[in-house]
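As a plain string of letters, each chain reads:
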Amino acid sequence: MQTYRLIVLDDDLAQGEMIKAYLELVSQYQVDITTHTEAFWEQINRTPYDLVLLDYKLEETNGLEVLSQMKQRGVRLPVIMITGEGDERVAVRAIQEGASDYLVKGSDYLPSLPGLIQRAVRMFELQTLAERSMEEARYQALMLDNIRDAVVVWDLEGKITYWNFAAEKLFGWKAVERLGESAEECYFNLFDPPIRMPGPEDTAGLEVERACVNRHGRHLWISSRVMPLRQYSPEARLLGFMDVSRDVTRRRQEREMLRQSQHFITRILETSPSMLYLYDLSEDRLVYVNHRIKDVLGVPAGSWLGKEGDLLFRTIHPEDAPLLQQFRQTLKQARDGEVLEAEFRIRDGGGGWRWVYTRETIFQRSAEGEPVQILGAAQDISARRRIEEDLKRRIKNERLLAEISSRFIHLDQIHLESEISASLRLLGDTIGASRVYLYLLPPGEEALHLYVFWESAEVFRRFSHGLNKQVVLEDIPELWGMLQSGRSVRWIEQDEQGAVALWQEYQSLQPERVGAFLLLPLLHNQRIYGVLGCESLSDRLSGHEGDLSLVQEVGRILTNVIVQADFNRALRESEARYRAIVEDHQTELICRFDPHGNLTFVNETFCRYFGREREALLGVSILELVHSSDRMDVEEGIAKLTPSAPVSTYEARLFGGDEQEIWIEWTSRAIFEQGGDCLIEVQSIGRDITERKRLEAQVEATRVQLAEANRLASIGLLAASVAHLINNPLTAIIAEAQLLLHQSGHQARIRESAEAIEKAGWRAQQVVQKLLGFSSRASEPHTLVDVNQTVRQALELLSDPLNEASLHLELSLQEPLPGVWGNAGQLVDLWLNLLWLALDGIALTRPAHPRIVLRTRSLGGQVMVEIMDNGKVIPPEAMRVIFEPQVVSPSEGRGTGIEFTLCRELARQNQGVIEVESQPDQTCFRVLFPGINHN
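Residues numbered from 1 in each chain as written. Predicted model: local features only at pLDDT ≥ 70, side-chain atom pairs only at ≥ 80, totals over all residues. Heavy atoms only, no water.

Where an unreviewed UniProt entry is consulted, the chain appears under the name histidine kinase, with the organism given as Thermanaerothrix daxensis. What UniProt records for the chain under Catalytic activity (unreviewed entry) is the sentence "ATP + protein L-histidine = ADP + protein N-phospho-L-histidine." (UniProt positions renumbered as here; feature names shortened; annotations may be inferred.)

Here it is in structure tokens:
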């Protein structure tokens, strides 16, 4: 027996208790009792009930009012009205208000109550089901009449019972023409193949595409789905069948066109040089890929085709995965026809990485407009990327070298160590080293000293011991031999075969274990100034050729910096010693000038140098004070000043107040407008470097003189050897000529020949004696010599030839004259040779008034001797080589050729220099000696 839950509304509690007790006992119903409407409504809202027992007469209202309020409140429950009066009007009104039944209280009404309750509940359920069925029927009818698909229904007898409006349009027959007709005769045979009736167990229906010819003779393709119709009840009794049809003719045509297009596209894809592919985003798999995948990725198409899961994300390089993710997101938002490009690395069939360049576009979208398939083309660009990477690496290295080089321009000693440390950090970051360090090898020492180093944070955390401050060369013979041999730079790895001895020695530099190290000698002029080292914690390094070249270039820069620092330190020490010797406490020149070069400020030292008052210098162009040959250098030095490089250093010659040429080293700093590049003023500090320039010139002259002395010594030895070889034959020739002359008697022809031979022999012997004199070293020691005295001795020895020449001799000897440290005999020989050369020149041209001038004087601490004549002019081309050793005179008649070289050698051996000037009316030989005070 089915149990129900009831609620009783009766103001007579005893009556309600009686009804409850009876129903619970007889029918096992659940009964709740309420005596007031407020409690009734609370219970109705809170508890689901199957039926309401309502008393007509209530204390504050009546049952009819309660029924009316139930309608208003939307409470739909079966209601049995119970009353003690048998009033038919009340019963009619109760039924009209929605009561299911009416019961009059009596002595025997309780036994009939369970039956009334069951009937009322069943009637309410049927009524509710009928209402729901009617609503569903109205909805289905409305839906079937308005859908776009054709719907045809037939019953179990095969008679057509429904033919909607869409079926009229599709097949051409009106509903009135087909309703009641046989479905097999009027409908099934329209199709090819004909419709097959589904079995009773086929609840899903049969869906196929069939060819169809409609009433108007039009050939159609129909998508038909036949399904059974069953009663909407628990028994689900079969009522008939329904066919839902749709015209798919256009879709079939489009499908065929698509198939042909796909065939055409497939032919194109298979012949394309690129790897072409079609990827389905919804199914997350590769739909198509041509055979070029073998060329691009080294794998057959079957290894990727049809596999579920995005293979790109499984094979892409981890660093490029975010790029691919972003690329796909961007592609999903792309417009139709828009092509997006990307480059990333994919693992190939051999396990290596290949760079792939892809171009993708949306190939197909869903009905909602979302991308479904993408079409892509891929090419292997690994070779191009390697070239690009090498080029980027090269550019990066060049920029690094430029940055490191710029750090050491105009760098002072104070910041040298910090700048080298910064350079090592840049090098380490670039090549991926864990530590970079620099050891220096001081001159004369046998140990390397740690100068500066840089190490990564990982090295700092892992290693408890740092680099050794000093490494004795005896402890690293193998490494030191490798550095001295200048072998190619390379990484030496921990497991490298044959490198055990090198690793054992490396512990002298660094006791901790590392993966690889590299050492580079800082070599300059066959001297090792230090060692540049790099370490890596990794067991393996790429050893990229560009990285090794970069280490070598940085090593070269650091070598130049260290050599320059040593040179600067030595130069500063030399300058300090020089200033201490000469007590040079002069202050520097300071000036300021505007962008046009006009002076706006000068200090007292500046005024003192130029011998002018400050007012006279202000407004004057700085270029007017500079030597004309150096003005361009000054202009270039000023032009280099920029906001990023505001300091420039250059050297220039100036003319001081006494018109004496002085060298000044200028350091100029430009002052620009704040935040701009407009030049306001230039401030320059000048330092007198004249003495330094003189010393540099003197050192250069001494070097040239030493080289020339060595060359002349070699020539002298050769001349002595030649003189000794021909001296004996000359003696025999002269003796034989004299004997022949004695025996010739009065035979004039023989006598002339003998005289000519004898004269030529004596002349040749004179040349030999001069060669011997040129090659012989002075036997007498040098002493303090009176130059005027040696000049007088030479004139006395040569008095006869001078008198025979009938010339005017002008003698001007300064008294007193500083002494000269030299050999008096050699100086006499020097003046004799120069006077003979002057006599030869006069004899060649025979001027109307022959003249020789011999003059001595003191000039700037030097002793100068000049011998001038108005004889034959020496040609300009002979002037360039006149003092070079020659047997034939280059001056066309002046001497035999060896005299000029002999004169230069005599002057050199006495710390003098000789020069010659030849003009149309005068030729002058000038000799200068360092003067020495007799005191």
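1. As for the packing of aromatic side chains
Across all of its chains, the model carries 16 aromatic pairs by this definition. Seen in terms of ring centroids, Tyr437 and Tyr439 are 5.7 Å apart; in terms of plane orientation they differ by 85°. Their pairing is edge-to-face. Of the two residues examined, Tyr437 and Tyr439, each falls in the buried class. Linked through ring pairs, Trp154, Trp163, Phe171, Tyr187, Phe188, Phe191 and Phe241 together constitute an aromatic cluster. The ring centre of Trp41 lies 4.1 Å from the NZ or CZ of Arg73, which sits over that ring. Its end group placed over the ring of Trp355, Arg385 keeps NZ or CZ at 3.6 Å from the ring centre. (Phe/Tyr/Trp six-rings, centres within 6.5 Å; stacked < 30°, edge-to-face > 60°. Buried < 20%, exposed > 50% of the residue type's maximum accessible area, 1.4 Å probe, protein only. Lys NZ or Arg CZ within 6 Å of the ring centre and 35° of its normal.)

2. Details of the nonpolar core
If you look at the biggest cluster of nonpolar residues, it comprises 41 residues, and the most contacted ones within it are Val787, Leu830, Trp831, Leu834, Ile852 and Val927. A total of 11 residues in this core trace back to one element, the largest contributor, which is helix H26 (residues 824–845). When residues no more than four places from it in sequence are discounted, the contact partners of Trp831 are Val787, Thr790, Val791, Ala794, Val865, Ile867, Val927 and Phe929. In terms of nonpolar packing, the next biggest core, distinct from the first, is built from 34 residues, Ile420, Tyr529, Leu532 and Leu548 among them. (Core = buried A, V, L, I, M, F, W, Y, C linked by side-chain atoms within 4.5 Å. Helix = DSSP H or I, 4+ residues; strand = E, 2+ residues; numbered from the N terminus. Contact = heavy atoms within 4.5 Å.)

3. Details of the pairing of strand S34 (residues 922–930)
For a regular strand, side-chain orientation follows a simple rule: the groups alternate between the two sheet faces. Of all the 9 residues making up S34, 7 are buried; the element is thus mostly covered by neighbouring parts of the structure. Judged from the 8 bridges that link them, strand S32 (residues 862–869) and S34 form a sheet pairing that is antiparallel. Bridge pairing in S34 links Met868 to Cys924. In the sheet, strand S33 (residues 913–919) pairs with S34 via 7 bridges, with the strands oriented antiparallel. Looking at S34, one finds that Gln919 is bridged to Gln922. In sequence, S33 turns back onto S34 through a hairpin of 2 residues. (Pairing = 2+ DSSP bridges.)

4. Overview of a negative patch on the surface
Taken together, the side chains of Asp11, Asp12, Glu38, Glu42, Glu59 and Glu60 make up a negatively charged region of the molecular surface. One can find Glu60 in the loop between strand S3 (51–55) and helix H3 (63–73). Glu60 sits in the partly exposed class, given a relative accessible area of 41%. (Patch = residues over 30% accessible without salt bridge, like charges linked within 9 Å, V, L, I, M, F, W, Y side chains within 5 Å. Areas by Shrake-Rupley, 256 points an atom, 1.4 Å probe, with all protein chains shown as cover. Salt bridge = Lys/Arg side-chain N within 4 Å of Asp/Glu carboxyl O. Lys, Arg positive; Asp, Glu negative; His and termini not counted. Charge placed at Lys NZ, Arg CZ, Asp CG, Glu CD.)

5. Things to note about a nonpolar patch on the surface
Taken together, the side chains of Phe264, Ile265 and Ile268 present a nonpolar region at the surface, about 280 Å² in accessible area. As for its position among the elements, Ile265 is in helix H9 (residues 249–271). The exposure class assigned to Ile265 is partly exposed, which follows from its relative accessible area of 35%.

6. What about the side chain of Gln826?
On the secondary structure map, Gln826 appears in helix H26. Among the polar contacts listed, one links the side chain of Gln826 to the side chain of Gln909, at a separation of 2.7 Å. (Polar contact = N/O pair within 3.5 Å; in protein donor to acceptor, adjacent residues only side chain to side chain.)

7. Points about the sheet that holds S3
The parallel open sheet is built from 5 strands, whose spatial order is S2-S1-S3-S4-S5. Edge strands, defined here as strands with exactly one partner in the open sheet, are strand S2 (30–34) and strand S5 (101–104). This sheet shows a mean twist of 20° between the axes of neighbouring strands, independent of strand direction. Two strands pair when backbone bridges link them, and strand S4 (residues 79–83) and S5 are joined in this way by 4 bridges, in the parallel orientation. (Axes fitted to C-alpha atoms, helices over the stretch in contact; angles between N-to-C directions.)

8. Re the sheet that holds strand S31 (residues 851–859)
Spatially, 5 strands are ordered S29-S31-S32-S34-S33 in an open sheet, and the strand pairing comes out mixed. Because the sheet does not close on itself, it has two edges, and the strands there are strand S29 (808–813) and S33. Taking each pair of neighbouring strands and ignoring which way they run, the sheet shows an average axis angle of 15°. Contacts between helix H24 (residues 787–797) and the sheet are confined to S29, S31 and S32, with S29 contributing the most and set at about 160° to the helix. Sheet strands touched by H26: S31, S32, S33 and S34. Its angle to S34, the strand with the most contacts, is close to 170°.

9. Quick look at the pairing of S4
For S4, the tally of buried residues reaches 5 of 5 residues, placing the bulk of the element in the interior. Side chains Val79, Met81 and Thr83 of S4 all project onto a buried face; the interleaved residues Ile80 and Ile82 project onto the opposite face, where all are buried too. In terms of strand pairing, S3 meets S4 through 4 bridges, oriented parallel. Bridge pairing links Leu54 to Met81 in S4.

10. Some details on the pattern of salt bridges
Scanning all chains against the criterion turns up 40 salt bridges. Salt-bridge contacts for Glu209 lead to Arg252; the nearest nitrogen and oxygen are separated by 2.8 Å. Of this pair, Glu209 sits in strand S9 (residues 206–213) while Arg252 sits in helix H9, and the two are 43 residues apart along the sequence. Residue Glu209 is classed as partly exposed on the basis of its relative accessible area of 25%. Glu917 is the partner of Arg926 in a salt bridge, and the nearest nitrogen-oxygen pair spans 3.4 Å. Residue classification places Glu917 among the partly exposed residues on the basis of a relative accessible area of 41%. Residues joined in a network through salt bridges with shared partners are Glu343, Arg384, Arg385, Glu388 and Glu389.

11. What about the environment of Gly466?
If you trace the backbone, Gly466 turns up in the loop between helix H15 (457–462) and strand S19 (470–472). Since its relative accessible area comes to 40%, Gly466 is described here as partly exposed. Along the sequence, Gly466 and Glu455 sit 11 residues apart, while their C-alpha atoms lie 9.7 Å from each other.

12. Looking at unusual backbone geometry
With an omega of 0°, the peptide bond between Asp192 and Pro193 qualifies as cis. Within the secondary structure, Pro193 sits in the loop between strand S8 (191–192) and S9. A cis amide bond links Glu815 to the next residue, Pro816, at an omega of -10°. If you trace the backbone, Pro816 turns up in the loop between S29 and strand S30 (820–822). A positive phi is found at Gln526, a non-glycine position, where the angle reads about 65°. Given the relative accessible area of 76%, Gln526 is considered exposed. The phi dihedral of Arg846 falls on the positive side, at around 45°, and the residue is not glycine. With respect to the helices and strands, the residue Arg846 is situated in the loop between H26 and S31. Its relative accessible area of 70% is what places Arg846 among the exposed residues.

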